[in-house]
Amino acid sequence: MKAAVLYELSTPLQVEEVDLDNPKSKEVRVKITANGVCHSDYSIIHGVIRSPLPVVPGHEGAGIVEEVGPDVTMVQPGDHVVLSFAPYCGHCYYCAQGSPVLCVNMRTIMGKGALLDGTCRLSKNGQKIHHAAGLSSYAEYAVVPEIACVKIPHEVPLDKACLVGCGVMTGVGAAINTAAVRPGTSAVVIGCGGVGLNVIQGCALAGASIIIAVDLMDNKLEYAKEFGATHTVNPARDDLTKTVRSLTDGRGSDYAFEVIGLGKTIEQAYACTRQGGSTIVVGAPAREETVTIPAFSLLNEKKIQGSVYGSSRPHVDMPRLIELYMNNKLKLDELVTRTYSLDEVNDAMTALEKGEVARSVVVM
Ligand code: APR
Ligand code: ZN
Ligand code: ZN
């Protein structure tokens, strides 16, 4: 089968024939039909998010189950699925208390670039190729743990549903799960890419009345309005904290989301947050990135909280997001600025880098 392989950091993906082993116990083979192009893939390619090499990136996929391995009970061939990059064991401390994205048994294994038994199904001429996020969905097929499959109805278009696999769940979930945004409140969202736009639409869904979108690119601010931003700020032109205060009776916002992954913009989000308010960090920073805040400001009961995968319970939250989409209450179509073939995946990365798209989707 064809897959996009990263052999060396900061080099183009090689779209080529690779071998894919059959699914083992509790694994399934999924025919990938579409895969969204997320900044985290770009971060893997450039070493900001670390992965053993070679690796096939891709973690925002959807497709059709083709074959199930032994002991599989959750899905069967023909099922349409969104792929979750957060498999969970269901019985560790974190799973038991309702935070499967923190599952202690799965997270350590996933970072090693393998599937849950520690081995890889991908190879080329006998050379091992690693999995990204347990999915590696820049490929025609993927062998994934059955717990990574979230079944969705057949009538849902898979080239839109794939977006729920990362950007939509991460963004909307940060607003409605992590921050639990309340109706009538104010929110600042710094970074209006594929994930940030979903934080914005999550805040709108939750009933925030002031949503201030922040980005250095004006085209992103235009997208932001479409997704529910009530105000926009380009910090290259306008003073961010001043504008936020002027829109919030001088207080600062109830919530401020950082959706880029930079220490500097996390500090900006914190500065925009009112006393007792919450700064939510959604962006995935490089390991060496740090944040400096005035310690005395904690006396104002300000909170900083990280958010991973929208604090989701994938098998509960993703079907709900799909249901909202099918009822015209969640925008997915509007996220897809462009589609590409797998052969054009490097062009999709360039478009992401240049900020030309809200999201692009690789359609197999
Ligand atoms: N100030 C304001 N906006 C900025 C700045 C900055 N200093 N730097 C970058 N941006 C904007 C870009 O213009 C772009 O619109 O941040 C946005 C990032 O969007 P994408 O590249 O589409 O990234 P996305 O896929 O949304 O991911 C954002 O979330 O899941 C994580 O790893 C992912 O850290 C990444 C973040
Ligand atoms: Zn992603
Ligand atoms: Zn667990």
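For the structure itself, consult the block above.
Because the structure is predicted, anything quoted here is derived from the model rather than measured.

Taken as a whole, this structure holds three aromatic pairs when the rule is applied. With centroids separated by 5.1 Å and ring planes inclined at 85 degrees, the aromatic side chains of Tyr 93 and Tyr 94 adopt a geometry described as edge-to-face. Residue classification places Tyr 94 among the partly exposed positions, given a relative accessible area of 30%. Lying across the ring of Tyr 141, Arg 29 places its NZ or CZ 5.2 Å from the centre. We note Lys 302 situated over the ring of Tyr 270; from NZ or CZ to the ring centre the distance is 4.2 Å.

Turning our eyes to something else, we now look at the sheet that holds strand E9 (residues 127-131). Pairing is mixed across the open sheet formed by four strands, whose spatial order is E3-E8-E9-E5. Each edge of the open sheet carries a strand with a single partner, namely strand E3 (19-20) and strand E5 (55-56). Where E3 lies against strand E8 (residues 122-124), two bridges are found, and the strand directions are antiparallel. Bridge pairing in E8 places Asp 19 opposite Ser 123.

Time to look at the site of ligand 1. The environment of ligand 1 is made up of 19 residues, and the closest members are His 39, Ser 40, Asp 215, Ile 260 and Arg 359. Contacts to ligand 1 include Ser 40, whose side-chain N or O atom sits 2.7 Å from an oxygen atom. Interatomic distance of 2.8 Å between a backbone N/O atom of Ile 260 and an oxygen atom of ligand 1. Here ligand 1 loses 90% of its free accessible area of 740 Å² to cover by the protein chains. The set of elements that each furnish at least two residues to the shell around ligand 1 consists of helix H1 (39-45) and helix H6 (194-205). Looking at the shell around ligand 1 residue by residue, the classes come out as nine nonpolar, seven polar and three charged.

Criteria and cut-off values
- Residues numbered from 1 in each chain as written.
- Chains lettered and ligands numbered in written order.
- Predicted model: local features only at pLDDT ≥ 70, side-chain atom pairs only at ≥ 80, totals over all residues.
- Heavy atoms only, no water.
- Phe/Tyr/Trp six-rings, centres within 6.5 Å; stacked < 30°, edge-to-face > 60°.
- Buried < 20%, exposed > 50% of the residue type's maximum accessible area, 1.4 Å probe, protein only.
- Lys NZ or Arg CZ within 6 Å of the ring centre and 35° of its normal.
- Pairing = 2+ DSSP bridges.
- Helix = DSSP H or I, 4+ residues; strand = E, 2+ residues; numbered from the N terminus.
- Near = heavy atom within 4 Å.
- Polar contact = N/O pair within 3.5 Å; in protein donor to acceptor, adjacent residues only side chain to side chain.
- Areas by Shrake-Rupley, 256 points an atom, 1.4 Å probe, with all protein chains shown as cover.
- Nonpolar A, V, L, I, M, F, W, Y, C, P; charged D, E, K, R; others polar.

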